[in-house]
Amino acid sequence: MPDPVRIAAAAGHFGRDLDRGLSKVLSIVAECRVTGTDLLVLPHGALGGYLADLRDPEESGLPPALDAEDAVFKEVRRACGPMTVCLGFTEVVQTHGATVHHPAAVCLHGDGVLGRHRKIHLPPGEARHYAAGDRLAAFDTPVGRVGMLIDFDKTFPEAARTLAVQGAHTIACLSAWPANVTDRTSRLPQDRQSRLFDLYDCARAAENQVVWVSSNQTGMHGSLRFLGQAKVVNPGGDVLARTGSKGGLAVAEIDVEAEVARARRTLHHLAERRGEVYET
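If you're wondering where the values come from, they're calculated on a predicted model, not measured in any experiment.

Points about the overall build of the protein chain
- Looking only at helices and strands, the protein chain features 6 helices and 13 strands.
- Judged by the C-alpha coordinates and their principal axes, the protein chain covers about 55 × 45 × 40 Å.
- Evaluated residue by residue, the protein chain yields a buried proportion of 53% over its 280 residues.
- Accessible area for the protein chain stands at about 12100 Å²; split by element, carbon and sulfur atoms hold 50% of it.
- Of the side-chain charges in the protein chain, 31 are positive and 34 negative, and the distance between the mean point of each set is 3 Å.

Listed below in structure tokens is the structure:
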């Protein structure tokens, strides 16, 4: 495993044009390989985009959906080479004769698919059109043990904690997280969702003592204005690198194993849990 690990969290606008989205993904992957990046985390909807309206998603239609084995993923894998890449998309599944859609993420490497995740927690606008996942699973990669979440999942501390308990020292949270849709403000730093987005990133890293890699969409799509604010957070909850509301890469080099061990040397949150008194 590289020591330290070079991590890049992407903020960018990815729309519903799959060809254009793939071209952008491949361009970012190529750029990161040149700079020696070990782990790249792209936003949710990097392939196919996201909803255009959370209150009435049907008005603008749903994003294009991809089968988990679609050839587009093989093309991204070929571009990855030795780099580990996480990206989000809408997955389509045929279940008992019915067509089901999941907000999904996949972790790719030149050697194959390393991990998958289907979004567990669906806000009301999504729940009318998507099915929730039912599994949280950390997995091994060339950059160590990793877990993935998708935007709203990070609101629930149990999700990140489950991945940490399973041994994930790095958690990638792929987002298509917009500004507040009911109480709009002209300045994103004053937006309630903007503050929550940053709060959850730092809190989930600190409470689990893991490296947290947060990507997000940017720009406008339909009625939604996406926040950006991609970042890399260390196990103490400190932001090592971040973007603003515009597209870009938040890049940090960190010895993941050493930093996790250092954070847990005196206070080891996972070891100090009192499971017998928690609600199950």
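On we go.
Observations regarding the environment of P235
- Tracing the chain through its elements places P235 in the loop between strand 11 (231-233) and strand 12 (239-242).
- For P235, the contacting residues outside a window of four places in its chain are A205, A206, Q209, V210, V211, I254, E259, V260 and A263.

Details of the pairing of strand 12
- In terms of strand pairing, strand 11 meets strand 12 through 3 bridges, oriented antiparallel. When the sheet's bridge partners are listed, V232 is paired in strand 12 with A241.
- Between strand 11 and strand 12, which pair antiparallel in sequence order, lie 5 residues; one of them, G237, sits at a positive phi of approximately 90°.

As for helix 5 (residues 192-208)
- With 17 residues, helix 5 extends 24 Å from end C-alpha to end C-alpha; this agrees with the ideal 24 Å at 1.5 Å per step.
- For helix 5, the set of buried residues is Q193, S194, L196, F197, D198, Y200, D201, R204, A205 and N208.
- On its buried side, helix 5 packs onto helix 4 (157-165), strand 9 (211-221), strand 10 (224-227), strand 11 and strand 12.
- Residue D191 occupies the N-cap position of helix 5, its side-chain oxygen lying 2.8 Å from the main-chain nitrogen of Q193.
- Q209 lies just past helix 5 and shows a positive phi near 55°.

Things to note about the environment of L240
- Following the sequence through the fold, L240 ends up in strand 12.
- On the basis of relative accessibility, which here comes to 39%, the residue L240 falls in the partly exposed class.
- If sequence neighbours within four positions are ignored, L240 has contacts with V232, V233, N234, A252 and I254.

Section: the pattern of salt bridges
- Applying the stated criterion across every chain, the model contains 13 salt bridges.
- A salt bridge links D201 to K154, with the shortest nitrogen-to-oxygen separation between them at 2.6 Å. One end of the pair, D201, is in helix 5; the other, K154, is in the loop between strand 7 (144-150) and helix 4, and 47 residues separate them in sequence.
- Overall, the relative accessible area of 0% leaves D201 in the buried class.
- Counted as one network, the salt bridges with shared partners bring together K154, D198, D201, K231 and R242.

Description of the nonpolar core
- The biggest cluster of nonpolar side chains holds 26 residues, and the ones touching the most others in it are I7, C86, M148 and V213.
- Of all the secondary-structure elements, those providing two or more residues to this core are strand 1 (5-12), strand 2 (39-41), strand 4 (98-109), strand 7, strand 8 (170-174), strand 9, strand 13 (248-254) and helix 6 (256-263).
- Here this core gets 4 residues from one element, more than from any other, and that element is strand 1.
- Contact partners of V213, with chain neighbours within four places excluded, come to I7, A8, A9, L39, V41, T170, I171, A172, C173, K231 and V232.

Quick word on the packing of aromatic side chains
- All told, the structure shown has 5 aromatic pairs when counted by the stated rule.
- Taking the centre distance of 5.3 Å and the plane angle of 90° together, the rings of F152 and F156 count as edge-to-face.
- Residue F152 is classed as partly exposed on the basis of its relative accessible area of 27%.
- Members of the aromatic cluster, connected to one another through ring pairs, are W177, F197 and Y200.
- The ring of F197 carries K154 above its face, with NZ or CZ at 3.3 Å from the centroid.

Regarding the layout of surface pockets
- Considered as a void within the structure, the largest pocket measures approximately 320 Å³ in volume.
- The wall of the largest pocket is formed by 19 residues, among which L54, P123, W177, P178 and Q193 lie closest to the centre.
- For the lining of the largest pocket, the element with the most residues is helix 5, which contributes 3 residues.
- Residue classes in the lining of the largest pocket are distributed as 11 nonpolar, 4 polar and 4 charged.
- The wall of the second largest pocket is formed by 14 residues, among which R116, H117, R118, D134 and R135 lie closest to the centre.

Calculation rules
- Residues numbered from 1 in each chain as written.
- Predicted model: local features only at pLDDT ≥ 70, side-chain atom pairs only at ≥ 80, totals over all residues.
- Heavy atoms only, no water.
- Helix = DSSP H or I, 4+ residues; strand = E, 2+ residues; numbered from the N terminus.
- Buried < 20%, exposed > 50% of the residue type's maximum accessible area, 1.4 Å probe, protein only.
- Areas by Shrake-Rupley, 256 points an atom, 1.4 Å probe, with all protein chains shown as cover.
- Lys, Arg positive; Asp, Glu negative; His and termini not counted.
- Charge placed at Lys NZ, Arg CZ, Asp CG, Glu CD.
- Contact = heavy atoms within 4.5 Å.
- Pairing = 2+ DSSP bridges.
- Expected span 1.5 Å × (residues − 1).
- Polar contact = N/O pair within 3.5 Å; in protein donor to acceptor, adjacent residues only side chain to side chain.
- Salt bridge = Lys/Arg side-chain N within 4 Å of Asp/Glu carboxyl O.
- Core = buried A, V, L, I, M, F, W, Y, C linked by side-chain atoms within 4.5 Å.
- Phe/Tyr/Trp six-rings, centres within 6.5 Å; stacked < 30°, edge-to-face > 60°.
- Lys NZ or Arg CZ within 6 Å of the ring centre and 35° of its normal.
- 1 Å grid on protein atoms, 1.4 Å probe; cavity = no way out; pocket = protein on both sides within 12 Å on 5 of 7 lines; lining within 4 Å.
- Points joined across faces, edges and corners; volume = space filled by probe spheres on them.
- Nonpolar A, V, L, I, M, F, W, Y, C, P; charged D, E, K, R; others polar.

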